[in-house]
Amino acid sequence: GARLTMTPPRIRASVAAALMLALLVPTSAAQTSRTTASAFLARHPGAWKVRADPVTRRPSFLYGGRIPLGGQPSDDGGWEQFARTVVDLEPELFGLPSDELSLRGVEHLHLAAHGTSDKVAVVFDQVVHGIPVRHASVSVLFDAASGDVLALDTTAVPGAARAVAPPRSTLT
């Protein structure tokens, strides 16, 4: 028949410690999310609504407020620079520098004819050491007339550059 054996105490303690750590990680992630969102809201008061990513629990979509940047770009390159500035000014929120972002596009949304103001959306893909990060992007929505930030959306992977070693050169 089957024989019942006792698990050695050191293994039981290791398993218990691993389970405790697993239980603490979501709490820690939730705390980080609240801290990040609170810091953002303290810097940018207003009617902001914050949605968190269900997996990472980090703020992923912020909308409903305004961040005045003091100007309005005259071309797509200016809108891109404005968006990169926003990313660099919010390191806790995005978790990456703007140089990890590759411009996907600048979209001019002509919405004034539909009862709201015209908008400009700047969309980036995250690229680390020349390698695209799957499903990782950052979008910044601006009011086209004022240049104010209206919404931020991110699925970027914070700290991805630390996890990926740069490719080695084949030339020596």
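This text follows the structure it describes.
Residues numbered from 1 in each chain as written. Predicted model: local features only at pLDDT ≥ 70, side-chain atom pairs only at ≥ 80, totals over all residues. Heavy atoms only, no water.

Could you clarify how one ought to interpret the overall build of the protein in this entry?
On a plain count of helices and strands, the protein comes out with 4 helices and 6 strands. Taking all 172 residues of the protein together, 33% fall into the buried category. Here the analysis covers contacts within the protein between residues at least 6 apart in sequence; of these, 49% occur between residues at least 24 apart. Surface summary for the protein: the accessible area is close to 10,800 Å², and the carbon and sulfur share equals 61%. (Helix = DSSP H or I, 4+ residues; strand = E, 2+ residues; numbered from the N terminus. Buried < 20%, exposed > 50% of the residue type's maximum accessible area, 1.4 Å probe, protein only. Contact = heavy atoms within 4.5 Å. Areas by Shrake-Rupley, 256 points an atom, 1.4 Å probe, with all protein chains shown as cover.)

When you look at the pattern of salt bridges in this model, what are you seeing that I'm missing?
As a working rule, side chains carrying opposite charge can pair if their charged atoms are close by. Applying the stated criterion across every chain yields a total of 6 salt bridges. With a shortest N-O distance of 3.6 Å, Glu92 and Arg43 are connected by a salt bridge. Here the residue Glu92 occupies a position in helix 3 (residues 91-94), and Arg43 occupies one in helix 1 (residues 9-43), the gap between them amounting to 49 residues. By relative accessible area, Glu92 is classed as partly exposed at 42%. Salt-bridge contacts for Glu80 lead to Arg84; the nearest nitrogen and oxygen are separated by 3.0 Å. Linking Glu80 with Arg84, this pair stays in helix 2 (residues 76-89), spanning 4 residues, or about one helical turn. The residues Glu80 and Arg84 share a single accessibility class, namely buried. When salt bridges with common partners are traced through the structure, they connect Arg43, Glu90 and Glu92 into a single cluster. (Salt bridge = Lys/Arg side-chain N within 4 Å of Asp/Glu carboxyl O.)

Would you take a moment to explain the packing of aromatic side chains for this structure?
Two descriptors summarise a pair of aromatic rings, namely the distance from one centre to the other and the angle between the planes of the rings. Per the counting criterion, the structure on display carries 5 aromatic pairs. Between Phe82 and Phe142, the ring centres sit 6.1 Å apart and the planes meet at 55°, which makes this aromatic pair tilted. You can see Phe82 sitting in helix 2 and its partner Phe142 sitting in strand 5 (residues 131-143), a full 60 residues away along the chain. In textbook terms, an aromatic cluster arises when at least three aromatic residues are bridged by ring pairs, as seen for Trp79, Phe82 and Phe142. (Phe/Tyr/Trp six-rings, centres within 6.5 Å; stacked < 30°, edge-to-face > 60°.)

What am I meant to see in the nonpolar core here?
Phe94, Val122, Phe142 and Leu152 are the most contacted members of the largest nonpolar core, which totals 24 residues. Secondary structure elements with two or more residues in this core: strand 2 (59-67), helix 2, helix 3, strand 3 (101-109), strand 4 (119-128), strand 5 and strand 6 (149-154). Considering each element in turn, this core owes the most residues, 5 residues, to helix 2. Dropping the residues within four chain positions of it, Val122 is found in contact with Trp79, Glu80, Ala83, Leu103, Gly105, Val106, Val138, Ser139, Val140 and Phe142. (Core = buried A, V, L, I, M, F, W, Y, C linked by side-chain atoms within 4.5 Å.)

What should I look at first to understand the environment of Arg34 in this one?
Locating Arg34 in the fold gives a position in helix 1. Relative accessible area serves as the criterion here: at 46%, Arg34 is assigned to the partly exposed category. As a C-alpha pair, Arg34 and Val50 span 16 residues in sequence and 9.8 Å in three-dimensional space.

Explanation requested: the sheet that holds strand 6 in the structure shown.
Each strand in a sheet pairs with another by means of backbone hydrogen bonds, the pair being arranged parallel or else antiparallel. Spatial ordering of the open sheet is given by 1-2-6-5-4-3, a layout of 6 strands whose pairing is antiparallel. Single-partner strands in this sheet number two, and they are strand 1 (49-52) and strand 3. Across the sheet, the mean angle from the axis of one strand to that of its neighbour is 15°, orientation sign disregarded. Looking at chain direction, strand 1 and strand 2 are connected through 4 bridges and run antiparallel. Within strand 2, the residue paired with Ala52 across the bridge is Pro59. The sheet strands contacting helix 2 are strand 3, strand 4, strand 5 and strand 6, and the helix crosses strand 3 at an angle near 120°. (Pairing = 2+ DSSP bridges. Axes fitted to C-alpha atoms, helices over the stretch in contact; angles between N-to-C directions.)

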